[in-house]
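# Descriptive structure summary
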Amino acid sequence: MLTVRAPATSANLGSGFDVFGLALDAPADVVRVERADETTIEVSGAGSQYIPEDPTQNTAGVVAAELDAPARICIDKGVRPASGLGSSAASAAAAAVALSELYDRGLTREELVHVAAEGEAVVSGAAHADNVAPAILGGFTIARDDGVTQVDASLPLVACLPDLVVSTRDARKVVPETVSMSEMVDTVGSAATLTVGMTRNDPELVGRGLEEAVVTPARADLITGYDAATTAASEAGATGVTVSGAGPGVLAICRSPDDRRAVASAMLDAFESHGVDARAYQTSIGQGAQIFR
Ligand code: HSE
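What you see is a predicted model, and the numbers here were worked out from it, not measured in a lab.

## What to know about the site of the ligand
- Taken together, Asn12, Phe17, Asp18, Asp130, Asn131, Thr168, Arg172, Arg219, Gly245 and Ala246 are the residues near the ligand.
- A distance of 2.5 Å separates a nitrogen atom of the ligand from a polar side-chain atom of Asp130.
- Between Arg219 and the ligand, the recorded distance is 2.7 Å, taken from a side-chain N or O atom to an oxygen atom.
- Protein chains bury 95% of the 260 Å² of accessible surface belonging to the ligand in isolation.
- The residue inventory of the shell around the ligand, partitioned by class, reads 2 nonpolar, 4 polar and 4 charged.
- Among the domains, domain 1 (2-151 + 287-292) and domain 2 (156-284) are the pair contributing at least three residues each to the shell around the ligand.

## Some points on the packing of aromatic side chains
- Under the criterion given, the structure shown has 1 aromatic pair.
- Residues Phe20 and Phe140 carry aromatic rings whose centres are separated by 5.1 Å and whose planes lie at 65 degrees to one another, so their mutual orientation is edge-to-face. One end of the pair, Phe20, is in strand E2 (residues 20-35); the other, Phe140, is in strand E5 (residues 140-144), and 120 residues separate them in sequence. As far as burial versus exposure is concerned, Phe20 and Phe140 are alike and both buried.

## Thoughts on the nonpolar core
- In this structure, Val33, Val63, Ile73, Leu99, Val132 and Ile136 are the most contacted members of the largest nonpolar core, which totals 40 residues.
- Where this core is concerned, the elements lending two or more residues are strand E1 (2-11), E2, strand E3 (40-45), helix H1 (59-66), strand E4 (71-77), helix H2 (87-102), helix H3 (109-124) and helix H4 (132-137).
- Phe140, Leu155, Leu210 and Tyr281 belong to the second largest nonpolar core, which has 25 residues in total.

## Topic: the pattern of salt bridges
- Scanning the model with the defined rule gives 8 salt bridges in all.
- For Glu34, the salt bridge goes to Arg72, with nearest N and O atoms at 3.2 Å. Of this pair, Glu34 sits in strand E2 while Arg72 is found in strand E4, placing the two residues 38 residues apart along the sequence.
- A residue is classified by how much of its surface remains accessible, and Glu34, at 24% relative accessible area, is partly exposed.
- The partly exposed category is assigned to Arg72, whose relative accessible area is 30%.
- Here Glu42 makes a salt bridge to Arg72, at a shortest N to O gap of 3.0 Å. Taken together, the residues Glu42 in strand E3 and Arg72 in strand E4 connect sequence positions 30 residues apart.
- Each of Glu34, Glu42 and Arg72 takes part in salt bridges that share partners, so that together they form one network.

## Side note on the side chain of His128
- With respect to the helices and strands, the residue His128 is situated in the loop between H3 and H4.
- Side chain to side chain, His128 and Arg172 meet in a polar contact 3.3 Å long.
- Leave out the neighbours within four places in its chain, and His128 touches Asp18, Ala117, Glu120 and Arg172.

## Focus on the packing of H1 against H2
- It is the contact of H1 with H2, at a shortest axis distance of 8 Å, that shows an interaxial angle of 30 degrees. Comparing the axis directions of H1 and H2 gives the class roughly parallel. Note that H1 runs across H2; the crossing there is right-handed. On the side of H1, the interface is formed by Thr59, Ala60, Val63 and Ala64, while H2 contributes Ser88, Ser91, Ala92, Ala95, Ala96 and Leu99.

## Considering helix H6 (residues 181-200)
- Relative to the 28 Å expected for 20 residues at 1.5 Å per residue, H6 spans 29 Å between its end C-alpha atoms, a close match to the ideal helical length.
- Of all the positions in H6, only Thr187, Ser190, Ala191, Leu194, Gly197 and Met198 are classed as buried. Along the long axis of H6, the arc covered by the buried residues comes to 125 degrees, so they all point the same way. Turned more than 90 degrees off the buried face of H6, the exposed positions are Met181, Val188, Thr199 and Arg200.
- After H6 finishes, the residue Asn201 shows a positive phi value of roughly 50 degrees.

## Observations regarding the domain arrangement of the protein
- The domains assigned to the protein are domain 1 (2-151 + 287-292) and domain 2 (156-284).
- Measuring from the centre of the C-alpha atoms in domain 1 to the corresponding centre in domain 2 gives 23 Å.
- Listed as interface residues are 30 residues of domain 1 and, on the opposing side, 37 residues of domain 2.
- For the domain 1 face of the interface with domain 2, the top three residues by lost area are Ser15, Phe17 and Arg80, together amounting to 22%.
- At the junction of domain 1 and domain 2, the tally comes to 2 salt bridges.
- Between Asp163 and Arg80 there is a salt bridge whose closest N-O contact spans 3.8 Å.
- Counting across the domain 1 and domain 2 interface gives 14 residue pairs in polar contact (both at pLDDT 80 or more).
- Among the elements of the structure, E1, E2, H3 and E5 are those that each provide at least two residues to the side of domain 1 that touches domain 2.
- When residues in the side of domain 1 that touches domain 2 are grouped by element, the largest group, 7 residues, is from E2.
- Across the side of domain 1 that touches domain 2, the residue classes break down as 16 nonpolar, 11 polar and 3 charged.

Cut-offs used in this document
- Residues numbered from 1 in each chain as written.
- Predicted model: local features only at pLDDT ≥ 70, side-chain atom pairs only at ≥ 80, totals over all residues.
- Heavy atoms only, no water.
- Near = heavy atom within 4 Å.
- Polar contact = N/O pair within 3.5 Å; in protein donor to acceptor, adjacent residues only side chain to side chain.
- Areas by Shrake-Rupley, 256 points an atom, 1.4 Å probe, with all protein chains shown as cover.
- Nonpolar A, V, L, I, M, F, W, Y, C, P; charged D, E, K, R; others polar.
- Domains from an automatic or database assignment.
- Phe/Tyr/Trp six-rings, centres within 6.5 Å; stacked < 30°, edge-to-face > 60°.
- Helix = DSSP H or I, 4+ residues; strand = E, 2+ residues; numbered from the N terminus.
- Buried < 20%, exposed > 50% of the residue type's maximum accessible area, 1.4 Å probe, protein only.
- Core = buried A, V, L, I, M, F, W, Y, C linked by side-chain atoms within 4.5 Å.
- Salt bridge = Lys/Arg side-chain N within 4 Å of Asp/Glu carboxyl O.
- Contact = heavy atoms within 4.5 Å.
- Axes fitted to C-alpha atoms, helices over the stretch in contact; angles between N-to-C directions.
- Parallel < 35°, antiparallel > 145°, perpendicular 65-115°, else oblique.
- Left-handed = near helix turned anticlockwise from the far one by under 90°.
- Expected span 1.5 Å × (residues − 1).
- Arc of directions from axis to C-beta.
- Buried area = accessible area lost by both parts, 1.4 Å probe.

Written out as structure tokens, the structure reads:
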């Protein structure tokens, strides 16, 4: 038997739609596995009532099938589903790392990213690696079809989670099919700025590099109070704010750990003024899945 903790993640980071991702220090899913003749899944914790325990419908169950690693899998959810914080990816990542270790499959962490992405496909309809890559590797990741690049970045963050439901499928429907040349030029500039910022742990560059005018505005319309929360966070000292993944979570980059409290409080007040309950995680870029025996 062994236990793996895999973190929440924030995908896209504005300018890196379907490509960029980072691991959060918290919250996280904790997955316990033990060998069995056939796979069974039990889910407890945040939003567990919405998560299927049928192994063919659960990200962790699909991962077990991919690895030919039948197991009793117990998932303790710290990452609420449909939050924009990579809930299904956390479970898929933890299961991939745990089952590969349990069955001594000898796969590298990069290979496990692809296995976990197959689990993700069950819930999102497509095998995106932008959440599973940071959940497994930690830090900041650039996930492309031809491989993943990882940087051990370190920045203080606030992840604010309004009590709204936005499904990934719905949030993908509002993404425009085409972009103009000027939008592409702006997005490339932002993405490059953000990437350099991550290599330097520079919150100003990363904050500026979140800016993007195609996907984020379309999705912001699905999040009641988004504009107020981003304005409030910036006024409280955040260097940049964007939709976390497909939403409704909102991610703010901070200059110092001490700034997180004011930013979190400003975002919560802004959502509350729009009649939306929310919670905020004062966190940082964190490490990938960790094995506990
Ligand atoms: N890149 C994905 C999206 C993340 O924004 O739709 C959620 O799976």
